[in-house]
Amino acid sequence: MEIKHLRSPQTEDILPDHWYNIVPDLPEPLPPMKKPNGEDVKPEELIAIFPKKLIEQEFSTERFIKIPDELLSLYLELGRPTPLFRARRLEEFLDTPARIYYKYEGVLPTGSHKINTAIAQAYFNMLEGTKRLTTETGAGQWGSALALAGALFGLKVRVYMVRASYDQKPYRRILMQIYGAEVIPSPSPYTKSGREILERDPNHPGSLGIAISEAIEDAVTNPGTKYSLGSVLNHVLLHQTIIGLEAIKQFELIGEELPDIVIGCVGGGSNFAGLAYPFYYEEIVRGKKKSVKIIAVEPKAVPSMTRGIYTYDYGDTARLTPMLKMYTVGHRYTPPPIHAGGLRYHGVAPTLALLVKNNIVKPVAYHQTEVFRAAQLFAQMEGIVPAPESAHAVKAVIDEAIRAREEREKKVIIFNLSGHGLLDLAGYQEYLENRLRDYEPEKIDLSYLNTY
Ligand SMILES: *Cc1c(COP(=O)(O)O)cnc(C)c1O
């Protein structure tokens, strides 16, 4: 089949009017969130941190959830539907019979997919009278998305930013400040969990787990304040499914068959789920394709799916969050300083973990040097400099395209190019100067985790 368009049409009618919730279509029931005493978390127990509407989505077992009209028009204004590209030059370079497509989320204002859930979370908070949102951020993609969403809906935003990134990556901090957010290096003196860490080590570099603890503590102790999370939870993944739902319509429009291989990188799992879950529904649940390979890519430095265990663990270092059943390298794990800051998280989304456990999603892990090499090739072929996170997906795509060449199979591949790397050039510089280090933990201490 000859496809004329390198880029699919991007008309308004491609936007779906609902999000897709995978929960009712999982191969087994989703294990509930638990409290430390082993009891299930009840929805009303989350009211101190989330607005009711988001809690409802978090626990929902409805397959489709309507996108409010106000959000739909905002999605349009911000640049959705995002383009679906075919990576022709990369195909030719690799001499592969595979057809490689990618959904490009980097065209959105903060440069990644994170705004898709940020505006939804800010919107539902605004409806219920929230005045102020707190959150954490690593490299700053999530923080800048929520900062913009707060500006659009008139909410104050405070971002606890991992100290190491705050010092080393000023550009996204500045972006958050442009949008009007307050950015605090974490650990900070503003919270009990932050103070405890600073007392032991005033120069602590921070971690996502610590920043989450601080943001939650801030939300529950200040009136009118709620907390926002950028990944992992069901409602966050739900909002991201707009990516895959658009892609399915775009495939239809260009007359392409459903993909044989779907690929995304995984930090907490939101961009991966956003692309892959709607294809899971079309191809597996509705049975429209005999076989589809779904690949989740993570860094070898933080190998939750490939080397972690499937168990209940906390989402943060101070153990303030409920426990989630997931693949985890443990909440005490200190992720090495890889450039893909968005992938430095010890766990993954519970729905994704369940799919991995059931062999529906196949996890793979790469070192950052091979990932940057793949990203450079992609930039030279396609023009877009991938975010270091997204570059993990690019590396897996290249490996699959080469496999297709060796096996002479005309595979259709789609991946999520979750963001651009124009604010991550320091990582590229280290790569170009051969100064990049690869990290692979020898042993991961999982002994303190329970195994139920
Ligand atoms: C945050 C981020 C990720 C990782 O988070 P997920 O929730 O796993 O998607 C991946 N890519 C980009 C560009 C990001 O900003």
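Rules and cut-offs
Residues numbered from 1 in each chain as written. Predicted model: local features only at pLDDT ≥ 70, side-chain atom pairs only at ≥ 80, totals over all residues. Heavy atoms only, no water. Helix = DSSP H or I, 4+ residues; strand = E, 2+ residues; numbered from the N terminus. Buried < 20%, exposed > 50% of the residue type's maximum accessible area, 1.4 Å probe, protein only. Pairing = 2+ DSSP bridges. Axes fitted to C-alpha atoms, helices over the stretch in contact; angles between N-to-C directions.

**Q** Talk me through unusual backbone geometry; I want residue IDs and the actual numbers.
**A** If a residue is not glycine, its phi is most likely negative; likewise, a peptide bond is most likely trans. Geometrically, the link from Arg80 to Pro81 is a cis peptide bond, its omega value of -10° lying close to zero. Looking at the element boundaries, Pro81 is found in the loop between α2 (69-78) and β3 (84-86). In this model, Ser186 is joined to Pro187 through a cis peptide bond whose omega is 10°. Looking at the element boundaries, Pro187 is found in the loop between β7 (182-186) and α8 (192-200). A positive phi angle, close to 55°, is found at Asp95, a residue other than glycine. Along the chain, Asp95 turns up in the loop between α3 (88-94) and β4 (99-104). Exposure remark for Asp95: the relative accessible area of 57% places this residue in the exposed category. Look at Arg319: it is not a glycine, yet its phi comes out positive at around 60°. Examined against the element boundaries, Arg319 turns out to sit in the loop between β11 (309-314) and β12 (323-328). The class of Arg319 is partly exposed, set by a relative accessible area of 48%.

**Q** Account for the sheet that holds strand β8 (residues 225-227), naming residues and giving values.
**A** Taken together, 4 strands build an open sheet; the order of strands is β7-β6-β5-β8 and the sheet is parallel. The open sheet is flanked by β7 and β8, the only strands paired with a single partner. Here the average twist between neighbouring strands, direction ignored, is 25°. Bridge analysis of strand β6 (residues 156-162) against β7 gives 5 bridges, and the strand direction is parallel. Directly across from Val159, in β7, lies its bridge partner Val183.

None of this, on its own, says anything about what the molecule does.
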